[in-house]
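# Observations on the three-dimensional arrangement
Each chain, letter by letter, is given below.
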Amino acid sequence: MSESDGDTRTKTLNFNIGVLGHVDSGKTSLARALSSTASTAAFDKNPQSRERGITLDLGFSSFTVDLPEHLRGGQLQYDNLQFTLVDCPGHASLIRTIIGGAQIIDLMMLVVDVVKGVQTQTAECLLIGELTCPRMVVVLNKVDLLPPNKRQSAIEKMTKRLHKTLESTRFKECPVIAVAAKPGGPEAPNTEEPQGVPELIELLKKQTYLPQRDPGGDLLMAVDHCFSIRGQGTVMTGTILQGSLAINDTVEIPALKVTKKIKSVQMFRKPVSGAMQGDRVGVCVTQFDPKLLERGVVCTPGSLRTLYAAVISVRKIGYFKGSLATRAKFHITVGHETVMARVTFFGLPPAGASEPPSDTRPSPSLPCSLETPFTFDREYFYQDEYVTGQGETSSGPEPEQWALLEFERPVTCPSLCLVIGSKLDTDIHANACRLAFQGRLLQGFEDKSFAETALPRLRIYKTKHKEGQVERVSDDYTVIGRNLFKKETNLQLFVGLKVTLSTGDSGIIEGGFGQSGKFKIRIQEGLCPETKQLLSSTSKKKGKGGGKGGPANEEEPKADSQPVSIDLHFKRS
């Protein structure tokens, strides 16, 4: 919510619409056709972009309409509705910029070239929308390129195809509308009126809702542009992701470790006394060189942390082909930064593992980290790769999983923020999804020496399996085992661990026996008669030579009298 100063104090609801789509689908032209007021970052200030007609950075523009009927009334009395359009780049290599913009979007407008249909980047934009946005409108652009006599049937055909594509997503049955944002293409003169734009504005008004806006908590503002105004100071423009700000507040620019006082605030060139979550603002500060911060974040002093590593909840993105391997490197987009990180996957101990977690088991129907919160008090199971559930399809329930991210350079971000892992080095022309996994940041490590100071608290273990044989019975409650440990093994590390005999008897390792790696097993319940009989017949057949290896091998029991094996499953950090 924003309020303009003066006696009338008009209240404007700001609603952020992300304009996403494949490169050259006409997103910028559509934003231009919709907008009445262009903000500083809008419409490709980048000279390279103007040359090529392609958006290279997030552009912002806005237009204001009457408040729709369904938003009138309620506790917050708004007077009008301002749509802020976030025009995201369509370059595949600039996916990190899209993710940066998607975190502030209330509704997604997916622009599709009606002639070309869904392309690789369209699918990736759709995925980003699924992760970050509750609603979507699909805009079929460039309908002026279709022959007039076949136009309607081509639009209907493409609409049907899109609904089929969206069937398995959260956007199924979302509205599809056809427009021509720039009839004749980008080079055409501006004399021809755009087609279908008034209808699109009406559709957008119908799709609006009151976004969850919370003025409380620490300020976090995503800055996308920074410039100086002679005699006034430096203006940082961006969108408030959380919290609120007001004139005279002190804010921190964490990347530069400097604090500044807010001198004035504007929303689309109108002065305001303050702004809150979801608002798009320009904030003026003094004595700050704009060259130092083109993109980044501004926050309440001390509220953001600079992390060298983090633990996140994790879910694989179904469209990503291939496995997610531990120790592999991924591009991690967190906050407004993208950085390489090495990933280690871990989960809850498998069912039936010794010492299962004592409090809760996960419910497969709930998203990760909600049912079983991450805690350092729990033991976790090391995974060589992300576990995708029972079947080949990604629709089945997947076990709850987490990942340790070790960043190649420190990142500054808020807690609980969205994290997306990608393989951005994949060939951009390959028809493959590069978004690999998503999750939430749960725990950050701010110490550069986190491997020594913090990681020991994270108890991740692997299970190891060893197999040996029973050599002989000592008494009804004790057997002597061999071939499980080497002569030099420190047996004290294994004392007290549970073992299972192939006969079904179970016991615990009591200690070593002699100097050759043999050991004693205590069978608490006592050996069952069948086991005693089997072991006594085995040892008789072995004769007296069955001591320290050597000739005993020539007198192994016959096939009808197999030796009794010992299974040991144990954890290793």
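Up top is the structure.
Bear in mind that the values here come from a model prediction, so they are computed numbers and not experimental data. (Residues numbered from 1 in each chain as written. Predicted model: local features only at pLDDT ≥ 70, side-chain atom pairs only at ≥ 80, totals over all residues. Heavy atoms only, no water.)

Secondary structure assignment for the protein yields 8 helices and 31 strands. The buried share among the 573 residues of the protein stands at 50%. Counted over contacts in the protein with a minimum sequence separation of 6, partners at least 24 positions apart contribute 71%. Counting every atom, the protein has about 28,000 Å² of accessible surface; 49% of that belongs to carbon and sulfur. (Helix = DSSP H or I, 4+ residues; strand = E, 2+ residues; numbered from the N terminus. Buried < 20%, exposed > 50% of the residue type's maximum accessible area, 1.4 Å probe, protein only. Contact = heavy atoms within 4.5 Å. Areas by Shrake-Rupley, 256 points an atom, 1.4 Å probe, with all protein chains shown as cover.)

In this section: the side chain of glutamate 471. Along the chain, the position of glutamate 471 falls in strand β26 (residues 460–475). On the basis of relative accessibility, which here comes to 8%, the residue glutamate 471 falls in the buried class. Here the side chain of glutamate 471 touches lysine 518 through a polar contact of 3.0 Å, side chain to side chain. (Polar contact = N/O pair within 3.5 Å; in protein donor to acceptor, adjacent residues only side chain to side chain.)

What follows is about the environment of valine 258. Mapped onto the elements, valine 258 comes out in strand β13 (residues 258–261). Look at valine 258 and you get partly exposed, because its relative accessible area is 29%. Residues valine 258 and proline 301, 43 residues apart in the sequence, show an inter-C-alpha distance of 8.9 Å. Here valine 258 is in contact with Val251, Glu252, Ile253 and Phe288, once residues within four sequence places are set aside.

A word on the pattern of salt bridges. Taken as a whole and judged by the stated rule, the model has 9 salt bridges. For arginine 305, the salt bridge identified is with glutamate 446, shortest N-O distance 2.9 Å. Residue arginine 305 is located in strand β18 (residues 305–313), and its partner glutamate 446 is located in the loop between β25 (435–445) and α7 (450–453); the two are separated by 141 residues in the primary sequence. In this structure, arginine 482 and glutamate 471 form a salt bridge, with 3.7 Å as the shortest nitrogen-oxygen distance. Placement of arginine 482 in strand β27 (residues 478–482) and of glutamate 471 in strand β26 is noted, with a sequence separation of 11 residues between them. Accessibility classification places arginine 482 together with glutamate 471 in one group, the buried group. Linked through salt bridges whose partners overlap, the residues forming this network are Glu471, Arg482 and Lys518. (Salt bridge = Lys/Arg side-chain N within 4 Å of Asp/Glu carboxyl O.)

Let us look at the packing of aromatic side chains. With the rule as written, the count across this model stands at 16 aromatic pairs. Between phenylalanine 485 and phenylalanine 494, the aromatic rings sit 4.7 Å apart at their centres with planes inclined by 45°, giving tilted as the arrangement. Assigned by exposure class, phenylalanine 485 and phenylalanine 494 land together as buried. Chaining the aromatic ring pairs together yields one cluster made of Phe346, Phe374, Phe376, Tyr380, Trp402, Phe445 and Phe450. In this structure, lysine 423 is placed above the aromatic ring of phenylalanine 330, and the distance from its NZ or CZ to the ring centre is 4.6 Å. Cation over ring: lysine 462 sits above tyrosine 382, and NZ or CZ is 4.5 Å from the ring centre. (Phe/Tyr/Trp six-rings, centres within 6.5 Å; stacked < 30°, edge-to-face > 60°. Lys NZ or Arg CZ within 6 Å of the ring centre and 35° of its normal.)

It is at 10 Å that the axes of helix α1 (residues 27–34) and helix α6 (residues 197–207) come closest, and there the two elements cross at 85°. Between α1 and α6, the crossing angle belongs to the class labelled roughly perpendicular. Contacts between α1 and α6 involve Leu30, Ala33 and Leu34 from the former and Val197, Leu200 and Ile201 from the latter. Counted by class, the contact of α1 with α6 contains 6 nonpolar, no polar and no charged residues. (Axes fitted to C-alpha atoms, helices over the stretch in contact; angles between N-to-C directions. Parallel < 35°, antiparallel > 145°, perpendicular 65-115°, else oblique. Nonpolar A, V, L, I, M, F, W, Y, C, P; charged D, E, K, R; others polar.)

Once that is clear, we can look at the environment of lysine 466. Looking at the secondary structure, you find lysine 466 in strand β26. For lysine 466, a relative accessible area of 29% gives the class partly exposed. As for lysine 466 and aspartate 567, which are separated by 101 residues in sequence, their C-alpha atoms are 6.1 Å apart.

Time to look at unusual backbone geometry. Of note, the phi angle at glutamate 173 is positive, near 65°, even though the residue is not glycine. With respect to the secondary-structure elements, glutamate 173 resides in the loop between α5 (151–166) and β8 (176–178). Of the residues examined, glutamate 173 reaches a relative accessible area of 69% and is grouped as exposed. With a phi close to 60°, asparagine 483 is a non-glycine residue in the positive phi region. On the basis of relative accessible area, asparagine 483 is assigned to the partly exposed category, the value being 48%.

Counting residues in hydrophobic clusters, the biggest one holds 29 residues, and the most contacted among them are Leu30, Leu34, Met109, Leu200 and Leu204. Elements represented by at least two residues in this core include exactly β2 (11–21), α1, β4 (59–66), β5 (80–87), β6 (107–113), β7 (136–141) and α6. In terms of residues, this core owes the most to one element, α6, which gives 5 residues. When neighbours within four sequence positions are excluded, methionine 109 is seen to be in contact with Ile17, Gly18, Val19, Leu20, Leu30, Leu34, Leu85, Val137, Val139, Leu200 and Leu204. (Core = buried A, V, L, I, M, F, W, Y, C linked by side-chain atoms within 4.5 Å.)

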